[in-house]
Amino acid sequence: MPEPARKPVSAFSKKPRSAEVAAGSPAVFEAETERPGVKVRWQRDGSDISASDKYGLASEGRRHTLTVRDAGPTDQGPYAVIAGSSKVKFDLKVTEAEKAEETSAPTPAEAPGTAAVPPESEGGAPGPEGKQEGQEGQEQMPSGPSLATPDDPIGLFLERPQDGEVMVGGSVTFSARVAGASLLKPPTIKWFKGKWVDLGSKVGQHLQLRDSYDRANKVYLFELLITDAQVSSAGGYRCEVSTKDKFDSCNFNLTVHEAIGPGDVDLRSAFRRTSVAGGSRRTSDSHEDGGTLDFSSLLKKREDAKLEAPAEEDVWEMLRQAPPSEYERIAFQHGVTDLRGMLKRLRGLRRDDRKSTAFQRKLEPAYQVSKGHKIRLSVELADPDAEVKWLKNGQEIQMSGSKYIFESVGTKRTLTISQCSLADDAAYQCVVGGEKCSTELFVKEPPVLVTRALEDQLVMVGQRVEFECEVSEEGAQVKWLKDGVELTREETFKYRFKKDGRRHLLIINEATLEDAGHYALRTSGGQALAELIVQEKKLEVYQSIADLAVGARDQAVFKCEVSDENVRGVWLKNGKELALDSRIQVSHIGRIHKLIINDVTPADEADYSFVPEGFACNLSAKLHFMEVKIDFVPRQEPPKIHLDCPGRMPDTIVVVAGNKLRLDVPISGDPAPTVTWQKSLPQGKKVEAIPAPGAQEEPGASASEEWVFEKKLLCETEGRVRVETTKDRSVFTVEGAEREDEGVYTVTVKNPVGEDQVNLTVKVIDVPDAPAAPEISNVGEDSCTARWAPPAFDGGQPVLGYIVERKKKRSFRWMRLNFDLLREPRLEARRMIEGVAYELRVYAVNAVGSSRPSAPSRPFVPIGPPGEPSHLAVEDVSDTTVSLKWRPPERVGAGGLDGYSVEYCAEGCSEWVAALQGLTERTSLLVKDLPTGSRLLFRVRAHNVAGPGAPVTTQELVTVREILERPRLQLPRHLRQAIQRKVGEPVNLLIPFQGKPRPQVTWTKEGRPLGDEDVSIRNSPSDTILFIRAARRAHSGCYQVTVRIENMEDSATLLLQVVDKPSPPQDLRVTETWGFNVALEWKPPQDDGNTELWGYSVQKADKKTMEWFTVLEHYRRTHCVVPELIIGNSYYFRVFSHNMVGPSDTAATTKEPVFIPRPGLTYEPPKYKALDFSEAPSFTQPLANRSVIAGYTTVLCCAVRGSPKPKISWFKNGLDLGEDARFRMFSKQGVLTLEIRKPCPFDGGVYVCRATNLQGEAQCECRLEVRVPQ
């Protein structure tokens, strides 16, 4: 029975129609989709329409509307609406206002702006507006997603895969485009089905993954191709793309529509009686004269047969449900006359599953919903009053809050699940009475992204390490890895994992050297990477103790600062531990350690040291006691400064910048002298200061003392520099010493008796200035060289060394690279990650401390040069050229490959000459214009942004000289047998050959040169082609091809057979007519079409209808008997010849009709003695041993006879092959065939064919050898 044509699958339940509106009026187009939530796009002239002042877009449930406001002549033209893979086109026509008044207004049932079009008939025939209906049918089913996807400004995708629809057995392609301009190496792409099924492991015949790269546009194209789609292919898919520091994903769905099954076809079209043309069915007493029976259901119709219209009732369903005793009544009632054919068809068709009595529409097999969204599960019941229970994993769902909502509208029952979470991923059932339907809900969790990356850390042994990372979702599941190995809590309880909302922390309480490495946090949507460097514990001295010079009963304070605030220490005096009392105290606050000595005495003058515990370090300083000498002199004593300054040479007093400077100068004299402080200015001048108050004035002296600092007069109570003078001493104080306070200070005391003067040199030392920004050079795969200029000012102390820090460009955390000070202004930094941008900065360190950091260096990316190419080989050599080929290097690196350079060097010479200007991107090169006879070495380098990589050189010298090679034809396997082509088909025979120098090719036919203009020969250096544009029978024959080099040659022979349709049989005649039978006989055709005849097809036609029906097909004899003819009818007969091309164009036909007479006598057949034809099985043609080539399908054949028909079994090495799908077994007219699909060496062995019936059994065997081609 012929199958009905497939209905096109459409996403629209209501399609927009073409409209004609008046100028200035709005035009409204409406469309309804099959299901809500479908994304709909409107287009005009192939471009998407977006909402604007001109166009209005509205979407509500399944209804979608396009409004064209103030339509004008420029708005008319073709429009389209797209939903999924369905596309419907329609037109807008704008008429003038006067013309629009003449047009009848639309009926109230139509939407504004929609043309009145009559509805379609049930049969799908077009209405009066045929053009409109044709446009509605133009729905496209693209194999892949639309190319109109806009660019994604945030993610990696330029084009995301779109939802697709396909019929069962069809093919569909999903495409994704990724921008590659900013990527250092190709991205990683993964395709998933459902949640975790990786399609990379499912690649095969029906699923393929492709990728390509467009160098011009720098775009990567990734494709997923599904062929021969099945219902199981439908569902949700996901595409994930990732690079070193980015991740993106996209979800899409595939819908697979089932084809219409044979159960949808009405059976009456195969068994109904046909009526005479032009009238209805007539009844008459003349048996069947009123109409003829249509027996076409028992015969194979020709391809141009048409389907009859389906009947109003489903007769097949009635027959399926009825008992066998009612078959005859139903057949008579519906006009079915061929009961035997009906019963045969009824037994052959499969019974459908029992129809549900409780449900009109059941749940879908599966649903998918994104996390956080809601889902509706709906069924339709047969009884609107039936009670419904919803189950989740076998447990009844109770109404609680707003999580589950139960709805009941008529026969429709709906379960709505709000705010879906992973806990809702389960199996659901709807139970009505004793029946239930099931489905499975998949909750799709969005990928968890890393919103704040990990930071590199540098710690000392024993310190606490805390890695912190932030992800996009609270409570997400993450994995911590160290050097690619997942960390667990069981690992000696060393690691602690902590979650705080979206923050995830990895804590290592006491770091050891073994903890150094790369740590990563991995989520379902990406990962973050950081490096931990653990150094052995070392102590840094930020500020050492300094020598002090104090007077009697003053306070002496020794102060130092170290890097570790937890370090304790011991104070020593002259190498012995200092005993503490109420006068001598020790303090430890943070990183600062102090030794305080109150009321200094001469016994306190000694060497003091601070020794930190646990470190080989010693900080020393000296305490100088300044003795005050008091001489008793009579009155009128000249003034005197009592300082221990032998020779009155200036002493140098060192003070650290920022500390307090106090110069306490004892004086004497009677009367009280006037004290003057002077500072030597850079110009070498001295300025008189105002005398200090409290001293007696001398006649002629100033009323008061002033102190001048940097050409600025300072009062004693103002500023940070001041002078305080009493009767027996003068104190010079500087609060927070600065670099400008450095210089030579002169103290002068004067009274009428005389004067005294002392010079004090003050030196202010500070941290050095910041060095210059580092200069980066020699950037490698994981290292670089940094150089910088020393600071312009060393702080008054020599620079002891430098400290270098490093950070990632987008990070804010600096990590120290060296713990020991660098003596030279250069560093070779290592252990960097290739492809990550870094910055460096430098500190200068002197005895005071470290300077401010320098300006960061320019960002740089560690990229190493590529490795050396591999498998460099010489492919061909001529008198002036050498052909080279190689493979890309195994290590490319983050910099990719820019190309290759090729150089050569002559024997005995050390200079390498470039074989081409610039670089080549190919892995092969033909080097031209070489001197003949020279012996050369060749080498190839790979280049990227980091420079050239290591070269690979040919192992031996290459002599530039043509090599004489014997000519040889490489005749393909399919040309070694007869080549068959149909008349009119092109002939293109390509035969490769070898030989040097280039051989001379000659073609002949039957020993004579080719003279036909239709046959053309095309030769190339490596092959020759025989081409015929349209083959004719005259082109058949034996062709010879010969290749010759001097006196050496090789030849091959090809047999071309051009075949055509055969001529019709000859002398068709009727030899005998008896009963319901007619015997025919004919002669073979005069022309067999230059190929073997496959047989004949015999057809009959009633003289009344002249409709031809096939009686016999593939019939090989030249005589036959046509049975089961109808008495009283006249028949014509015709016979066609068949070969591999097809049937003959015409047939041999009987000239006169053959009448089937009504018999007048009852024929009594003769009685014969029943004979026993039983026979045991025997093989008339046994199996033969075979040797085949692996990969080519082969067959094993034998012939058997026996009665009754024996049962056939095939065995291989004693194993039954009946269940193996790779073996197919055929049995036709006693000829047994075993087909082995693409055998491999494992399929070799002993094959046995066994035939068994009631009379006995027989078997034959053969050996099959499967050879692997060399």
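Residues numbered from 1 in each chain as written. Predicted model: local features only at pLDDT ≥ 70, side-chain atom pairs only at ≥ 80, totals over all residues. Heavy atoms only, no water.

**Comments concerning the overall build of the chain**
Next, step 1: Within the chain one finds six helices and 98 strands.
Next, step 2: Counting only residues that meet the buried cut, the chain has 39% of its 1270 residues in that class.
Next, step 3: Taking contacts inside the chain between residues at least 6 apart in sequence as the whole, the part at least 24 apart equals 63%.
Next, step 4: Accessible surface, the chain: about 72900 Å² in total, of which carbon and sulfur atoms supply 49%. (Helix = DSSP H or I, 4+ residues; strand = E, 2+ residues; numbered from the N terminus. Buried < 20%, exposed > 50% of the residue type's maximum accessible area, 1.4 Å probe, protein only. Contact = heavy atoms within 4.5 Å. Areas by Shrake-Rupley, 256 points an atom, 1.4 Å probe, with all protein chains shown as cover.)

**Here we look at the sheet that holds strand β27 (residues 412–417)**
Next, step 1: What the four strands build is an open sheet, ordered β21-β23-β27-β26; its pairing is antiparallel. The open sheet is flanked by β21 (359–361) and β26 (404–409), the only strands paired with a single partner. Going from strand to strand, the sheet's axes swing by 30 degrees on average, the running direction of each strand aside.
Next, step 2: Where strand β23 (residues 375–381) and β27 come together, six bridges link them in antiparallel fashion. Residue pairing across strands places Arg376 opposite Thr416, the latter belonging to β27. (Pairing = 2+ DSSP bridges. Axes fitted to C-alpha atoms, helices over the stretch in contact; angles between N-to-C directions.)

**Things to note about the nonpolar core**
Next, step 1: Core analysis: the biggest nonpolar cluster contains 23 residues, and Phe174, Val178, Trp191, Leu224, Ile226 and Leu254 have the highest contact counts within it.
Next, step 2: Broken down by secondary-structure element, the contributors of at least two residues to this core are β12 (172–179), β16 (219–226), β17 (235–242) and β18 (247–257).
Next, step 3: The contact partners of Val178, leaving out residues within four places of it in the chain, are Leu156, Phe157, Leu158, Leu183, Pro187, Lys218, Val219, Tyr220, Phe222 and Val241. (Core = buried A, V, L, I, M, F, W, Y, C linked by side-chain atoms within 4.5 Å.)

**Looking at the packing of aromatic side chains**
Next, step 1: The full count for this structure, using the stated rule, is 22 aromatic pairs.
Next, step 2: Geometrically, the ring pair formed by Phe174 and Tyr237 is stacked, given 6.4 Å between the ring centres and 25 degrees between the ring planes. In this pair, Phe174 sits in strand β12 while Tyr237 sits in strand β17, placing the two residues 63 residues apart along the sequence.
Next, step 3: The exposure class assigned to Tyr237 is buried, which follows from its relative accessible area of 5%.
Next, step 4: Centroid distance Phe174 to Phe252: 4.7 Å. Interplanar angle 40 degrees. Geometry classified as tilted. With Phe174 in strand β12 and Phe252 in strand β18, the pair connects residues that are 78 residues apart, well separated along the chain. This pair shows no difference in class: Phe174 is buried, exactly as Phe252 is.
Next, step 5: Members of the aromatic cluster, joined through ring pairs, are Phe29, Trp42, Tyr79 and Phe90.
Next, step 6: Its end group placed over the ring of Tyr1192, Arg973 keeps NZ or CZ at 5.4 Å from the ring centre. (Phe/Tyr/Trp six-rings, centres within 6.5 Å; stacked < 30°, edge-to-face > 60°. Lys NZ or Arg CZ within 6 Å of the ring centre and 35° of its normal.)

**Structural notes on the pattern of salt bridges**
Close approach of charged atoms allows side chains with opposite charge to pair.
Next, step 1: Under the criterion given, the structure shown has 51 salt bridges.
Next, step 2: Its salt-bridge partner being Glu781, residue Arg891 comes within 3.3 Å of it at the nearest N-O pair. With a gap of 110 residues between them, Arg891 in the loop between β65 (882–887) and β66 (899–906) and Glu781 in the loop between β58 (775–777) and β59 (784–787) connect regions that are remote in the sequence.
Next, step 3: By relative accessible area, Arg891 is classed as partly exposed at 27%.
Next, step 4: Here Arg830 and Glu828 are joined by a salt bridge, their closest N and O atoms 2.7 Å apart.
Next, step 5: Relative accessible area serves as the criterion here: at 41%, Glu828 is assigned to the partly exposed category.
Next, step 6: Taken together, the salt bridges that share partners define one network made up of Arg44, Asp45, Lys54 and Asp75. (Salt bridge = Lys/Arg side-chain N within 4 Å of Asp/Glu carboxyl O.)

**Quick look at the pairing of strand β51 (residues 674–679)**
Next, step 1: Extensive coverage of β51 is indicated by the burial of six of its six residues.
Next, step 2: Alternating residues of β51 divide into Thr674, Thr676 and Gln678 and Val675, Trp677 and Lys679, and every residue in both groups is buried.
Next, step 3: The pairing of β51 with strand β56 (residues 743–751) spans six bridges and is classified as antiparallel. If you follow Gln678 over to β56, its bridge partner there is Thr746.

**Things to note about unusual backbone geometry**
Next, step 1: In this structure, Pro997 follows Lys996 across a cis peptide bond, with omega equal to -10 degrees.
Next, step 2: Assignment of secondary structure puts Pro997 in the loop between β75 (987–996) and β76 (1000–1005).
Next, step 3: The linkage connecting Ser1203 with the following residue, Pro1204, adopts the cis geometry, with an omega of -5 degrees.
Next, step 4: Along the chain, the position of Pro1204 falls in the loop between β92 (1194–1203) and β93 (1207–1212).
Next, step 5: Residues other than glycine seldom take positive phi values, yet Gln419 does so here, at roughly 45 degrees.
Next, step 6: Of note, Gln419 is situated in the loop between β27 and β28 (427–432).
Next, step 7: Judged by relative accessible area, Gln419 falls into the exposed class, the value being 57%.
Next, step 8: Even without a glycine there, the phi angle at Glu1006 is positive, about 55 degrees.
Next, step 9: Residue position: Glu1006 is located in the loop between β76 and β77 (1008–1009).
Next, step 10: On the basis of relative accessible area, Glu1006 is assigned to the partly exposed category, the value being 44%.

**Considering the sheet that holds strand β86 (residues 1119–1122)**
Next, step 1: Ordered in space as β82-β83-β86, the three strands form an open sheet in which the pairing is antiparallel. Each of the sheet's edge strands pairs with one partner strand only, and the pair in question is β82 (1066–1074) and β86. Here the strands of the sheet are splayed against their neighbours by 20 degrees on average, with no regard to which way each runs.
Next, step 2: By the bridge criterion, six bridges tie β82 to strand β83 (residues 1077–1083) in an arrangement that is antiparallel. Of the residues in β83, the one forming a bridge with Glu1072 is Ala1079.

**Considering the confidence of the model for the chain**
Next, step 1: Chain-level pLDDT for the chain is 81 on average; 83% of the residues reach the 70-or-more range.
Next, step 2: Contacts of residues 349–353 to residues separated by more than four positions or lying in other chains number three contacts, the stretch itself having pLDDT below 50. (pLDDT = per-residue confidence, 0-100.)

**Structural notes on the state of the cysteines**
Next, step 1: Overall, the coordinates contain zero disulfides when judged by the stated rule.
Next, step 2: Cys1198 provides the cysteine sulfur closest to Cys1249, a residue in no disulfide bond, and the two sulfurs are 4.0 Å apart.
Next, step 3: Classification of Cys1249 as buried rests on a relative accessible area of 0%.
Next, step 4: The thiol of Cys1260 is not disulfide-bonded; the next cysteine sulfur, from Cys1198, is found 4.4 Å away.
Next, step 5: We classify Cys1260 as buried; its relative accessible area is 9%. (Disulfide = S-S within 2.5 Å.)

**Side note on the environment of Gly569**
Next, step 1: Along the chain, the position of Gly569 falls in strand β42 (residues 569–573).
Next, step 2: Here the alpha-carbon distance between Gly569 and His593, two residues 24 residues apart in the chain, equals 8.4 Å.
Next, step 3: Sequence-distant contacts of Gly569, defined by excluding residues within four places in its chain, comprise Phe610, Val611, Pro612 and Glu613.

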